[in-house]
Amino acid sequence: MNEIKIDEIKNEDITYMKMALIEARKAVEMAEVPIGAIVVLDGEIIGRGFNQKESQNDPTAHAEILAIRDAARNISSWRLENSTLYVTLEPCPMCAGAMIQARVKRLVFGASDPKAGVTGTLYNLVEDKRFNHQLEVKGGVLAEECSSLLKQFFSELRIRKDG
């Protein structure tokens, strides 16, 4: 796993992960699972997204996919070379595959996902040398804050369902 020590985290990674958390909180307001993502290129946010599977009735409307789509539209290119994608939860296979296809250079994620994470937890899809593109990966940035937001959401959801 790509867990890191706090002193190895770049200040910019913390800043951008906080922005991804802002996106995740937008999902909470829509009763969506709170996952947020941003794409950064040359110090500028070029794409944003938060989970919208329920509101869009779209199984592909994950935060990362929406952020990648937004970034590609904003730079008028599907190639997001030299970009960094920040996401609050470790990506699933679909999102990791989209990052490979978009040629994202670097992935920074917050909380690990023991059920679907494929950038180090269950498997490491984005660093597999058999693909024509690999990403640099850093996990664990603001992990506690990212994890806490998810735990709180699911705890409140259980209370509503049981209540």
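Nothing here was measured: the structure is a model prediction, and the numbers come from that model. (Residues numbered from 1 in each chain as written. Predicted model: local features only at pLDDT ≥ 70, side-chain atom pairs only at ≥ 80, totals over all residues. Heavy atoms only, no water.)

Undergrad: Which residues make up the packing of helix H3 (residues 63-75) against helix H4 (residues 93-102), and what values do they have?
TA: Where H3 meets H4, the closest approach of the two axes is 9 Å, and the angle between their N-to-C directions is 20°. When the axis of H3 is compared with that of H4, the two are roughly parallel. Along this stretch, H3 crosses H4, giving a crossing that reads as left-handed. On H4, the residues that touch Glu64, Ile65 and Ile68 of H3 are Met94, Cys95, Ala98, Met99 and Ala102. Of the residues contributing to the contact of H3 with H4, the split by class is seven nonpolar, no polar and one charged. (Axes fitted to C-alpha atoms, helices over the stretch in contact; angles between N-to-C directions. Helix = DSSP H or I, 4+ residues; strand = E, 2+ residues; numbered from the N terminus. Parallel < 35°, antiparallel > 145°, perpendicular 65-115°, else oblique. Left-handed = near helix turned anticlockwise from the far one by under 90°. Contact = heavy atoms within 4.5 Å. Nonpolar A, V, L, I, M, F, W, Y, C, P; charged D, E, K, R; others polar.)

Undergrad: Talk me through the nonpolar core; I want residue IDs and the actual numbers.
TA: Of all hydrophobic cores here, the largest spans 44 residues; its most connected members are Met17, Leu80, Leu85, Tyr86, Met99 and Leu107. If you list the elements that add at least two residues to this core, you get helix H1 (11-29), strand E1 (36-41), H3, strand E3 (84-89), H4, strand E4 (106-111) and helix H5 (143-162). Of all the elements, H4 adds the most residues to this core, at six residues. The residues contacting Leu80, other than those within four sequence positions of it, are Val39, Ile46, Ile68, Ala71, Ala72, Ile75, Ala102, Arg103, Val104 and Lys105. (Core = buried A, V, L, I, M, F, W, Y, C linked by side-chain atoms within 4.5 Å. Buried < 20%, exposed > 50% of the residue type's maximum accessible area, 1.4 Å probe, protein only.)

Undergrad: Lay out unusual backbone geometry with the relevant residues and their values.
TA: One non-glycine residue, Ala31, lies in positive phi territory at about 60°. Residue Ser76 is not a glycine yet carries a positive backbone phi of 55°.

Undergrad: Break down the state of the cysteines for me, citing the residues and quoting the values.
TA: As enumerated under the stated definition, the model contains zero disulfides in all. Of the cysteine sulfurs around Cys95, a residue in no disulfide, the closest is that of Cys92, at 3.8 Å. Of all cysteine sulfurs in the structure, the one in Cys95 sits closest to Cys146, which takes part in no disulfide; the separation is 15 Å. (Disulfide = S-S within 2.5 Å.)

Undergrad: If you had to explain the packing of aromatic side chains to someone new, which residues and values would you point to?
TA: The tally for this structure, following the rule as stated, stands at two aromatic pairs. Considering the side-chain rings of Tyr16 and Tyr86, the 5.3 Å spacing of their centres and the 45° angle between planes classify their relative orientation as tilted. Of this pair, Tyr16 sits in helix H1 while Tyr86 sits in strand E3, and the two are 70 residues apart along the sequence. By relative accessible area, Tyr16 is classed as buried at 12%. Both rings, one in Phe153 and one in Phe154, keep their centres 5.2 Å apart while their planes meet at 80°; by these two values the pair is edge-to-face. A residue is classified by how much of its surface remains accessible, and Phe154, at 34% relative accessible area, is partly exposed. (Phe/Tyr/Trp six-rings, centres within 6.5 Å; stacked < 30°, edge-to-face > 60°.)

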